[in-house]
Amino acid sequence: EFDARQARNYLEHITSIGPRTTGSPENEVLTVRYLLEQIKLIEDQSNSVHEIAVDVQRPTGSFSIDFLGGFTSYYDNITNVVVKLEPRGGAQHAVLANCHFDSVANSPGASDDAVSCSVMLEVLRVLSTSSEAFHHAIIFLFNGAEENILQASHGFITQHPWASLIRAFINLEAAGVGGKELVFQTGPENPWLVQAYVSAAKHPFASVVAQEVFQSGIIPSDTDFRIYRDFGNIPGIDLAFIENGYIYHTKYDTADRIPIDSIQRAGDNILAVLKYLATSDMLASSSKYKHGNMVFFDVFGLFVIAYPSRVGSIINYMVVMLVVLYLGRKLLQPKHKTAHYMKDFFCGLGITLISWFTSLVTVLIIAVFISLIGQSLSWYNHFYVSVCLYGTAAVAKIIFIHTLAKRFYYVNTSDRYLGEIFFDVSLFVHCVSLVTLTYQGLCMAFISAVWIAFPLLTKFFLHKDFKYHGAGGKFLVFYLLGMFVPYLYALYLIWAVFEMFTPILGRSGTQIPPDAVLASILAGCIMILSSYFINFIYLAKSTKRTLVALTSVCGITFLLVCSGAFFPYSSDPASPKPKRVFLQHTTRTFHDLDGNVVKRDSGIWINGFDYTGMSHITPHIPEINETIRAHCEETAPLCGFPWYLPVHFLIKKNWYLPASEVSPRDRAHFRLISKEQTPWDSVRLTFEATGPSHMSFYVRTHKGSTLSRWSLGNGTPVTSKGGDYFVFYSHGLQASAWQFWIEVQVSEEQPEEMVTVALAAHHFFGEDKRSPQLDALKEKFPDWTFPSAWVCTYDLFVF
Ligand SMILES: *[C@@H]1O[C@H](CO)[C@@H](O)[C@H](O)[C@H]1NC(C)=O
């Protein structure tokens, strides 16, 4: 049996080591040593029907991915701890379980992702003591460089000798802290994997909607799933803790915030699924069962329903047929009636669309106004504010438009007839969305199907009542009963969407007003939720009181928000909602074509991750104000700043507070080793860099020159968003100097300057991470912020 207390014990040991950035002794030595000790203990207690092999891999490699607008990664001597559990005599096939033990800088990384490694250790312990051998091997990968944007998994899957055995994987991740782990990606294809999870997991929790949202790329995160899929060609299951994304990647991601139940739950699931896969015949011949996608979703977290998407399409089109029959019958009535119905139907459709459009415009106007006066994110700490502000506005607007239509357009039409018309209109709209989603191959179309099937059935049963009793009490009860399932399910999904998206809006950059995003999502939800209740506006006697109530709530909330009554952030220890800030104490040196230093400056470069910038910080730290807004160095790649991640297109407002020079002991050195003319008319520049664990290399080509090849990635340079090149470099505990070359193709009239390159070095741990000024500034930050601080150097050269 999986023992959550044992797993918690592992978790507390790992997090007590402190933040574990790749390359730090904490990550490369202390955590690795602890893992190896525990694995040795497990091995000693294991049953002799199993064979356990342990390997510490230190891969070096490079790749490009299109995540975050595209960039290239280079890693040297990073760490993977790999354990293979197999039957005595060996196995041909294996299932992989993956977690990462590294963390982002300045975070204990308990949920992300030490808890998963702890669960895996405990699962390994339980499996290795079982008296029966499994058919296949189980490979446990504890990877030491995931926060380095997925380097360690790449090193494993492209280089490790055991990688070729792997037929499927389970990836254990976090996008939040604690809670339940959600299956939010599976595949590609391989429906048998979803089936395996559904039948084996004790507490399955999965959503194809999450998969389709995540794979659309609107969430600025990625996982090792991508690496195994794209570089390993292996199907898998991606699980993540998603609750409480507010404190993901912050100092609050601590072990005590993970309830023991969460660990038990995760452990029970992983243990069962791994056991299932390790004895499954399908794993061995997975290619036979490869084809097709699955529709899968949990019902209120109780159980999971899964069926092939082909079956889903058939169901969906059958539902569409029902609607066609239902509406067709009405349209094929005797001619004089038909003309009447058709006209009213299309007018109803027009009014509905107008009401939706005006409702969206209304909430957007409010959102833009609130953003302009500097009160955005007022709902970040208290979610109900958004409902009282945007939700009420959207509902009121929809009701208002329909009331107008009833009053001035449908003057002499029967209420019941109108109720029927608008019911049909909603049915039609959902039918259009069902056809569109199904046609696009999106599995989430099942929601539209539910939203047609239940109302239509209700309608059939209530047929008589619709006609003869109007909005009578009995009618209402049955109507609400019929709508119960689709509405409850929609509310459940909407709740999940907000749980997921609200925290993300606290790190979605300085460019997109989060209020506009949230208001649009809310308006969209209101449109869906209102659809089968619009007919009541026509059945009801008056909507005046409802409108007055809604408008008052909206107006009062609006005034309160404008007056700044709702502060977005919170330091409440029970549920902190910190503002994320990066502080990089930087010394920059700019060289010209002749190698002379043309500019040298130092400062603390400040980045907020959300739309409010420094507006809430300035009152507490007056020296961080608009006078020190950083200006973009137009001629330098990525504006001449030491970006750690290529998020320059998301975060365009930054601050640069003058400060003294930094003097890290392990200072980066960068030099040109050679410059050669190649036989194919380009110039090859070979560089060498030495320095701390994390460095970024940026390139900008000048007019008339292009970057044709380089020794990084697969050889073809990949631009990052905006047209410059971004290379993410990291090394483990030790590494030799980083040597690489780029080739520049120069057009006929050779310009003086071909390329500008720059190297930023990030000191993420030890004494080098700190400076007295940085420490002093960090102290001044209020407790509702999470400032993550480190020291950088930045050197720019022109060739
Ligand atoms: C704004 O910041 C600058 C530089 O940090 C500082 O000298 C100045 O006093 C600040 N202004 C105010 C009004 O505090």
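Residues numbered from 1 in each chain as written. Predicted model: local features only at pLDDT ≥ 70, side-chain atom pairs only at ≥ 80, totals over all residues. Heavy atoms only, no water.

- The name an unreviewed UniProt entry assigns to the protein chain is Endoplasmic reticulum metallopeptidase 1, from the organism Loxodonta africana.
- Within the UniProt record for the protein chain, the comment given under Subcellular location (unreviewed entry) is "Endoplasmic reticulum membrane".
- Quoted verbatim from the Cofactor (unreviewed entry) heading of the UniProt record, the comment on the protein chain is "Zn(2+)". (UniProt positions renumbered as here; feature names shortened; annotations may be inferred.)

Focus: the pattern of salt bridges
Thinking step 1. Applying the stated criterion across every chain, the model contains 26 salt bridges.
Thinking step 2. Between Asp-44 and Lys-40 there is a salt bridge whose closest N-O contact spans 2.9 Å. Pair noted here: Asp-44 and Lys-40 are both in helix α2 (residues 25-45), with a separation of four residues, about one helical turn.
Thinking step 3. Judged by relative accessible area, which is 45%, Lys-40 ranks as partly exposed.
Thinking step 4. A salt bridge links Arg-684 to Glu-743, with the shortest nitrogen-to-oxygen separation between them at 3.1 Å. Note that Arg-684 is positioned in strand β16 (residues 682-690) and Glu-743 in strand β20 (residues 738-746), a separation of 59 residues in sequence.
Thinking step 5. For Arg-684, a relative accessible area of 19% translates into the label buried. (Salt bridge = Lys/Arg side-chain N within 4 Å of Asp/Glu carboxyl O. Helix = DSSP H or I, 4+ residues; strand = E, 2+ residues; numbered from the N terminus. Buried < 20%, exposed > 50% of the residue type's maximum accessible area, 1.4 Å probe, protein only.)

As for the site of the ligand
Thinking step 1. Neighbouring the ligand are the residues Pro-622, Glu-623, Asn-625, Thr-627, Ile-628 and Leu-657.
Thinking step 2. A distance of 2.4 Å separates an oxygen atom of the ligand from a polar side-chain atom of Asn-625.
Thinking step 3. When the ligand sits alone it has 360 Å² of accessible area, and the protein chains cover 42% of it.
Thinking step 4. The residue makeup of the shell around the ligand, split by class, is three nonpolar, two polar and one charged. (Near = heavy atom within 4 Å. Polar contact = N/O pair within 3.5 Å; in protein donor to acceptor, adjacent residues only side chain to side chain. Areas by Shrake-Rupley, 256 points an atom, 1.4 Å probe, with all protein chains shown as cover. Nonpolar A, V, L, I, M, F, W, Y, C, P; charged D, E, K, R; others polar.)

Let's talk about the nonpolar core
Thinking step 1. Ranked by internal contacts, the top residues of the largest apolar core, which has 181 residues, are Phe-140, Phe-142, Tyr-390, Ile-606 and Ile-624.
Thinking step 2. Broken down by element, this core gets its largest block of residues, 12 residues, from helix α16 (residues 473-504).
Thinking step 3. Residues in contact with Ile-606, not counting those within four places in the same chain, are Val-581, Phe-582, Leu-583, Met-614, Ile-624, Asn-654, Trp-655, Leu-657 and Leu-777.
Thinking step 4. By size, the runner-up hydrophobic cluster in this structure holds 54 residues, among which are Phe-71, Ala-630, Tyr-698 and Leu-796. (Core = buried A, V, L, I, M, F, W, Y, C linked by side-chain atoms within 4.5 Å. Contact = heavy atoms within 4.5 Å.)

Overview of the UniProt feature "transmembrane region" (unreviewed entry) in the protein chain
Thinking step 1. The residues that UniProt annotates with the feature "transmembrane region" (unreviewed entry) are residues 314-332, 344-370, 382-405, 417-439, 445-463, 475-498, 518-540 and 547-569.
Thinking step 2. Summarising residues 417-439: 100% helix, 0% strand, and an end-to-end C-alpha distance of 33 Å.
Thinking step 3. For residues 445-463, the end-to-end C-alpha separation is 27 Å, with 95% helix and 0% strand making up the annotated structure.

Considerations on the state of the cysteines
Thinking step 1. Throughout the structure, instances matching the rule amount to two disulfides.
Thinking step 2. Each sulfur in the disulfide pair Cys-99 and Cys-117 lies 2.2 Å from the other. On the S-S bond that ties Cys-99 to Cys-117, the torsion sits near 105°, and the link is right-handed. Here Cys-117 lies in helix α3 (residues 110-129) and Cys-99 lies in strand β5 (residues 94-100), a separation of 18 residues in the sequence.
Thinking step 3. Classification of Cys-99 as buried rests on a relative accessible area of 0%.
Thinking step 4. A relative accessible area of 0% means that Cys-117 is categorised as buried.
Thinking step 5. Each sulfur in the disulfide pair Cys-632 and Cys-639 lies 2.0 Å from the other. On the sign convention where negative is left-handed, the bridge of Cys-632 and Cys-639, at about -85° about the S-S bond, is left-handed.
Thinking step 6. Along the protein chain, the cysteines that take part in disulfide bonds pair up as 1-2, 3-4, counted in sequence order. (Disulfide = S-S within 2.5 Å.)

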